[in-house]
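# Survey of secondary and tertiary structure
For reference, the chains in residue letters:
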2 protein chains.
Amino acid sequence: MRRISYGVAASLDGFIAGPQGEHDWITPDSGIDFAAIYNRFDTVLMGRRTYEVALTRPQVLEALRKKVVVVSTTLDPARHPGVSIVASHIPEAVSALKSQPGKDIWLMGGGVLFRSLLDAGLVDEVNLSIFPVLLGGGVPLLPEGRRSPLALKEAKSLPSGVLLLSYEVKKPGIAGQA
Amino acid sequence: MRRISYGVAASLDGFIAGPQGEHDWITPDSGIDFAAIYNRFDTVLMGRRTYEVALTRPQVLEALRKKVVVVSTTLDPARHPGVSIVASHIPEAVSALKSQPGKDIWLMGGGVLFRSLLDAGLVDEVNLSIFPVLLGGGVPLLPEGRRSPLALKEAKSLPSGVLLLSYEVKKPGIAGQA
């Protein structure tokens, strides 16, 4: 079974964008090895708003050269021929995607889709790049809801001050986890 | 000049207590070396609500054996003879406290006091113990307000999965910082 990894940049106070959607705090000199990250995945999964941000920077999706799956009840598939759109039965569709052969799946955002897939038990990992800033407000990395215990797998700090954190999502009902 | 260090335990999504004020996720087997932390400070500074939580666990304040300074406009000093109460001119009073000789000052919480002292340029460090959990809501480590850039000084992970992070607060107007 392929794994789903929620991978985003976040501030130390837990936001993935500023109050006006700002991403300027995600500095290009972070030293993050994007090529290594990209190479692990062959599919990117995202919500409609994250996709619309990506469309304004088409080089991002082009550079990824991945299968792109967008969860949206409103996008018209005829107008977005390059991507797969999941419009209903979302947990079932994502579960089916996980069962297909291939590399792992990168959940690029946003937080709302992360919350719904986390609650459905479909997210396996949380990989955060924590930038050294307190944003003081904005888009939360996880919208309100129930608690989710994690297990730290790896923590690495870069000279830029960015922290790369990798956590396993602990799933209820698996022995030794709670 | 003594330094003020905001030192708290937080969840990965940036909360210092759960939605009902829960602290049960701060597990006793974290492996944090509290003695080393305590030894750096001779003064603890906190808001009224944090103090009221501490009063329910008097062994905490006893174990600290520090000078305790509580910021509150409502507490009656006559009923709290063991502590110093700051009721007005808070930035000036905290600034005066920093100018006194002694060890550094531990700002133990809460977030509201952190926000006001951060905005006044009086906080020098942020030291977080990040526990491996997404709380999904609760008391934010920093209430809403303006952005504050940081510089990572140290990051260490414990076998328990707790991350110890130490950041310097970048202050406007200091050369080389922005």
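Below: a short report on this structure. As the structure is a prediction and not an experimental result, all values here were calculated from the model.

### A word on the overall build of chain A
The secondary structure content of chain A amounts to five helices and eleven strands. Computed over C-alpha atoms, the radius of gyration of chain A comes to 16 Å, within 12% of the 16 Å expected from 2.2 N^0.38 for 178 residues, which places it in the range of a compact globule. Dimensions along the principal axes, computed over C-alpha positions, put chain A at roughly 45 × 45 × 30 Å. When burial is assessed residue by residue, chain A has 47% of its 178 residues classed as buried. Within chain A, residue pairs in contact and separated by at least 24 positions form 72% of the contacts whose partners lie at least 6 positions apart. With the model as given, the accessible surface of chain A reaches about 8600 Å², and the carbon-plus-sulfur share is 56%. Side-chain charges in chain A split into 19 positive and 17 negative, and the spacing between the mean points of these groups amounts to 5 Å.

### Digging into the sheet that holds strand β1 (residues 4-11) of chain A
The strand order across the open sheet built from nine strands is β5(A)-β4(A)-β3(A)-β6(A)-β1(A)-β7(A)-β11(A)-β10(A)-β8(B), with neighbouring strands paired in mixed fashion. At either margin of the open sheet sits one strand with a lone partner, and together these are β5 (84-86) of chain A together with β8 (133-134) of chain B. Two strands pair when backbone bridges link them, and strand β7 (residues 125-131) of chain A and strand β11 (residues 163-169) of chain A are joined in this way by six bridges, in the antiparallel orientation. Paired with V126 of chain A across the bridge in β11 of chain A is Y167 of chain A. Each of β1, β3 (41-47), β4 (67-71), β5 and β6 (104-109) of chain A is contacted by helix α4 (residues 90-99) of chain A, which is oriented at about 165 degrees to β4 of chain A, the strand it contacts most.

### A short note on the packing of aromatic side chains
Geometrically, a pair of aromatic rings is defined through the distance of the ring centres and the angle of the planes. Taken as a whole and assessed by the stated rule, the structure comprises ten aromatic pairs over all chains. Ring geometry for Y38 of chain A and W106 of chain A: centres 5.8 Å apart, planes at 35 degrees, overall tilted. In this pair, Y38 of chain A sits in helix α1 (residues 34-40) while W106 of chain A sits in strand β6, placing the two residues 68 residues apart along the sequence. By relative accessible area, Y38 of chain A is classed as partly exposed at 23%. Judged by its relative accessible area of 9%, W106 of chain A falls in the buried class. Their ring planes at 85 degrees and their centres at 5.8 Å tell us that W25 of chain B and F131 of chain B sit as a pair that is edge-to-face. Of this pair, W25 of chain B sits in the loop between β2 (15-17) and α1 (34-40) while F131 of chain B sits in strand β7 (residues 125-131), and the two are 106 residues apart along the sequence. Comparing W25 of chain B with F131 of chain B shows no difference in burial state: the two are buried. Connected via pairs of aromatic rings, a cluster forms that spans F34, Y38, F41 and W106 of chain A.

### Details of the interface of chain B and chain A
Taken together, the contact pairs 34 residues of chain B with 34 residues of chain A. Between chain B and chain A lies a buried interface of about 2600 Å² when both sides are counted; carbon and sulfur atoms form 66% of it. Of all residues in chain B, L12, L134 and R147 of chain B give up the largest surface area on contact with chain A, accounting jointly for 29% of the area buried on that side. In this assembly, chain B and chain A are joined by two salt bridges. Between R147 of chain A and D24 of chain B there is a salt bridge; the shortest N-O distance is 2.8 Å. Viewed at the interface, chain A and chain B are joined by eight residue pairs in polar contact (both at pLDDT 80 or more). It is strand β10 (residues 148-157) of chain B that provides the largest number of residues to the side of chain B that touches chain A, a total of six residues.

### Quick look at helix α5 (residues 111-119) of chain B
Of all the residues in α5 of chain B, the buried ones are G111, L113, F114, R115, L117 and L118 of chain B. In the segment just after α5 of chain B, G121 of chain B is the residue with positive phi, at about 75 degrees.

### With respect to empty space enclosed by the protein
Summed over all chains, the structure comprises one cavity of 30 Å³ or more. Empty space within the largest cavity amounts to approximately 50 Å³. Forming the walls of the largest cavity are L12, I130, L163 and L165 of chain A together with L12, I130 and L165 of chain B. Split by residue class, the lining of the largest cavity holds seven nonpolar, no polar and no charged.

### Topic: the nonpolar core
Ranked by size, the top nonpolar core spans 63 residues in total, and within it L45, F114 and V126 of chain A together with L45 and F114 of chain B carry the most contacts. With sequence-adjacent residues up to four places away left out, V126 of chain A is seen in contact with Y6, F114, L150, L165, S166, Y167 and V169 of chain A together with L12 and L134 of chain B.

Conventions and cut-offs
- Residues numbered from 1 in each chain as written.
- Chains lettered and ligands numbered in written order.
- Predicted model: local features only at pLDDT ≥ 70, side-chain atom pairs only at ≥ 80, totals over all residues.
- Heavy atoms only, no water.
- Helix = DSSP H or I, 4+ residues; strand = E, 2+ residues; numbered from the N terminus.
- Rg over C-alpha atoms; globule rule 2.2 N^0.38 Å.
- Buried < 20%, exposed > 50% of the residue type's maximum accessible area, 1.4 Å probe, protein only.
- Contact = heavy atoms within 4.5 Å.
- Areas by Shrake-Rupley, 256 points an atom, 1.4 Å probe, with all protein chains shown as cover.
- Lys, Arg positive; Asp, Glu negative; His and termini not counted.
- Charge placed at Lys NZ, Arg CZ, Asp CG, Glu CD.
- Pairing = 2+ DSSP bridges.
- Axes fitted to C-alpha atoms, helices over the stretch in contact; angles between N-to-C directions.
- Phe/Tyr/Trp six-rings, centres within 6.5 Å; stacked < 30°, edge-to-face > 60°.
- Buried area = accessible area lost by both parts, 1.4 Å probe.
- Salt bridge = Lys/Arg side-chain N within 4 Å of Asp/Glu carboxyl O.
- Polar contact = N/O pair within 3.5 Å; in protein donor to acceptor, adjacent residues only side chain to side chain.
- 1 Å grid on protein atoms, 1.4 Å probe; cavity = no way out; pocket = protein on both sides within 12 Å on 5 of 7 lines; lining within 4 Å.
- Points joined across faces, edges and corners; volume = space filled by probe spheres on them.
- Nonpolar A, V, L, I, M, F, W, Y, C, P; charged D, E, K, R; others polar.
- Core = buried A, V, L, I, M, F, W, Y, C linked by side-chain atoms within 4.5 Å.

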